[in-house]
Amino acid sequence: MSEQKVPSVDYALICGSANWGLRFPEDIQEPGISVIQGDMEFQTPWGKTSEWKLLEFDASITVDGKLRRALCVFSHGWPLDEIDHSAQRRVFWVLREAGVKKVVASSTVGSLSRAILERDFVIASDILELTQTQYSLLPGRVRYDCSGKQLVCPACAAIVERTARRLWPIENRVYGTSAGLVAAHAWGPRLTTPAEVTAYRTMGGDFINHSLAPEATLAREIGACFVNCAFVTAAYSSYFSPPQVNVLGEGVQVSLAPIASRIALQSVANFPIDETQCVCSQLRSEQNASHYNNR
Ligand SMILES: [Zn+2]
């Protein structure tokens, strides 16, 4: 793996458990999408981030008929040999350097609701993350304000939803923006306890995972639109089943990962280029210079 200069791109795909087991995107063989460069790594102020690829979307498959380039990182940028909750700060530092404007993050989730079943596809509308990430990218407390409103981009979510309704198995459901689902957060890697499931559910969470919330917050900090591409591998009832019963449904991830991967790729090809379709980039605002000049 060789260290690279960060390329300028508008789009980013953050891979995760929704893609595990696949060489992404090569194994999907999606027409018009190619890997320009693999095995990339970048030096950040907090060390290296590895396992990046540079993808190209042919002009024949994009909504505006123009070639698109995207950066893609393996499994949230998590190192392969240790648990490191700060890894996503390095990932989003790279995305900021690249000038990324739209981010789609793939993952699997556990349901906090009896109505959201194993194998359902879920798009978050809001985030429940009580402590927020310690690993902010903002330069100090007095430079920017970051709104907590609309952490998930409705324009990008509409594209992911439309794509999922076309590709997701019809026997399973697609929850889009009209459902208003709330994604809760736990850092992991341990899975959620029955008591925690009850607590997060009581607080208003509809599903939970280990990656979505810090990524949504970091996307806001770099002024980018963010949307998730996720499906349920842990049913609500499975958290309360006998201890010898696996919380994660058997075969669910393996059978649905190729479809979720295709949804993420086709969504990037169809994300709107019109900046007026959402206000995400305005929800990070600079504070008045007097806040740091007068002291
Ligand atoms: Zn947006």
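Residues numbered from 1 in each chain as written. Predicted model: local features only at pLDDT ≥ 70, side-chain atom pairs only at ≥ 80, totals over all residues.

Going by an unreviewed UniProt entry, the protein carries the name 5'-methylthioadenosine phosphorylase and comes from Phyllobacterium zundukense.

## Quick word on the overall build of the protein
Basically, it comes down to this: Numbering of helices and strands runs from the N terminus; a helix is a DSSP stretch of H or I covering at least four residues, while a strand is a stretch of E covering at least two. For every residue, the other C-beta atoms within 10 Å of its own C-beta are counted; 20 or more classify it as buried, 12 or fewer as exposed, and values in between as partly exposed. C-beta atoms are placed from the backbone. Throughout, a residue-residue contact means that the two C-beta atoms, derived from backbone geometry, are no farther apart than 7 Å.
Secondary structure assignment for the protein yields six helices and 14 strands. When its C-alpha atoms are laid out on the principal axes, the protein stretches across 55 × 50 × 40 Å. Looking at the protein as a whole, 43% of its 295 residues qualify as buried. The long-range fraction of contacts in the protein, counting pairs at least 24 apart against all pairs at least 6 apart in sequence, stands at 78%.

## Some details on the packing of helix H1 (residues 87-98) against helix H4 (residues 212-221)
This is how it is decided: Geometry is summarised by axes, namely lines fitted to C-alpha atoms with helices restricted to the contacting stretch, and by angles between N-to-C directions that run from 0 to 180 degrees. Should the near helix be turned anticlockwise from the far one by less than a right angle, the crossing is left-handed, and should it be turned clockwise, the crossing is right-handed. The classification used treats Ala, Val, Leu, Ile, Met, Phe, Trp, Tyr, Cys and Pro as nonpolar, Asp, Glu, Lys and Arg as charged, and all other residues, Gly among them, as polar.
Across the interface, H1 lies against H4 with an axial gap of 10 Å and an inter-helix angle of 35°. Here H1 runs over H4; the crossing is right-handed. Residues Gln 88, Arg 89 and Phe 92 of H1 touch H4, and the partners they reach there are Pro 214, Glu 215 and Leu 218. Its residues assigned to classes, the contact of H1 with H4 comprises three nonpolar, one polar and two charged.

## Re the nonpolar core
This is how it is decided: Only buried Ala, Val, Leu, Ile, Met, Phe, Trp, Tyr and Cys residues enter a nonpolar core, and they are joined through C-beta atoms within 7 Å.
Core analysis: the largest hydrophobic core is formed by 85 residues, its most contacted members being Leu 95, Val 103 and Val 122. Among residues more than four places away in sequence, those in contact with Leu 95 are Ala 12, Leu 71, Val 100, Val 103, Ile 222 and Ala 224.

## Quick word on unusual backbone geometry
Cis geometry marks the peptide bond from Phe 24 to Pro 25, where omega comes out at 5°. In the segment running from Gly 188 into Pro 189, the intervening peptide bond is cis, with an omega of 10°. Along the chain, the position of Pro 189 falls in the loop between strand E11 (182-185) and helix H3 (194-203). Of note, the phi angle at Gln 29 is positive, near 50°, even though the residue is not glycine. Residue position: Gln 29 is located in the loop between strand E2 (11-14) and strand E3 (33-44). Its identity as a non-glycine residue notwithstanding, Ser 75 has a phi of 40°, on the positive side.

## Here we look at the pairing of strand E6 (residues 102-111)
We count it as follows: For two strands to pair, DSSP has to find at least two bridges joining them.
Burial of E6 is extensive: ten of the ten residues sit out of reach of the surface. On E6, burial covers both faces: Lys 102, Val 104, Ser 106, Thr 108 and Gly 110 on one face and Val 103, Ala 105, Ser 107, Val 109 and Ser 111 on the other are all buried. Bridge count between E2 and E6: four bridges; the pairing is parallel. Bridged to Tyr 11 within E6 is Lys 102. Across nine bridges, E6 lies against strand E13 (residues 225-234) in parallel orientation.

## Looking at the packing of helix H2 (residues 154-167) against helix H5 (residues 252-270)
Here is the rule: Working rule for angles: under 35 degrees goes down as roughly parallel, over 145 as roughly antiparallel, 65 to 115 as roughly perpendicular, anything else as oblique.
The interhelical angle for the contact between H2 and H5, taken along N-to-C directions, is 135°, at an axis separation of 9 Å. Between H2 and H5, the angle is such that the two are oblique. Here H2 and H5 pass one another in a crossing that is right-handed. Residues Ile 159, Val 160, Thr 163, Ala 164 and Leu 167 of H2 form the contact with H5, whose own contacting residues are Ile 259, Arg 262, Ile 263, Gln 266, Ser 267 and Asn 270. For the contact of H2 with H5, the class distribution of residues is six nonpolar, four polar and one charged.

## Brief notes about the environment of Ile 159
Here Ile 159 lies in helix H2. What makes Ile 159 buried here is the crowd of 22 C-beta atoms within 10 Å. Beyond its immediate stretch of four places on either side in the chain, Ile 159 contacts Ser 267, Asn 270 and Phe 271.

## Structural notes on the environment of Lys 102
Take Lys 102: it is sitting in strand E6. Among the residues examined, Lys 102 registers 26 C-beta atoms within 10 Å and is labelled buried. Separated by 166 residues in the primary sequence, Lys 102 and Val 268 have C-alpha atoms spaced 8.3 Å apart. Excluding anything up to four places from it in sequence, Lys 102 contacts Asp 10, Tyr 11, Cys 156, Ala 224, Cys 225 and Phe 271.

## Structural notes on H4
Within H4, nine of the ten residues are buried, which leaves it mostly tucked inside the rest of the structure. Within H4, burial applies to Leu 212, Ala 213, Pro 214, Glu 215, Ala 216, Thr 217, Leu 218, Ala 219 and Arg 220. Following H4 by one or two positions, Gly 223 adopts a phi angle in the positive range, close to 75°.

## A look at the environment of Tyr 144
Its place among the elements puts Tyr 144 in strand E9 (residues 144-146). Taking the C-alpha atoms as reference points, Tyr 144 and Ala 216, separated by 72 residues in sequence, lie 16 Å from one another. Setting aside its immediate chain neighbours within four residues, Tyr 144 contacts Leu 138, Arg 284, Ser 285, Glu 286 and Gln 287.

## Brief notes about the pairing of E11
Definition in use: Throughout, right-handed denotes a crossover for which the path from the first strand over the helix to the second runs clockwise when the strands point away from the viewer.
Looking at chain direction, strand E8 (residues 126-128) and E11 are connected through three bridges and run parallel. Looking at E11, one finds that Leu 128 is bridged to Ala 184. The pairing of E11 with strand E12 (residues 207-209) spans three bridges and is parallel. Across the sheet, the residue bridging to Ala 184 is Ile 208, located in E12. At this point the chain moves from E11, through H3, to the parallel E12, and the crossover so formed is right-handed.

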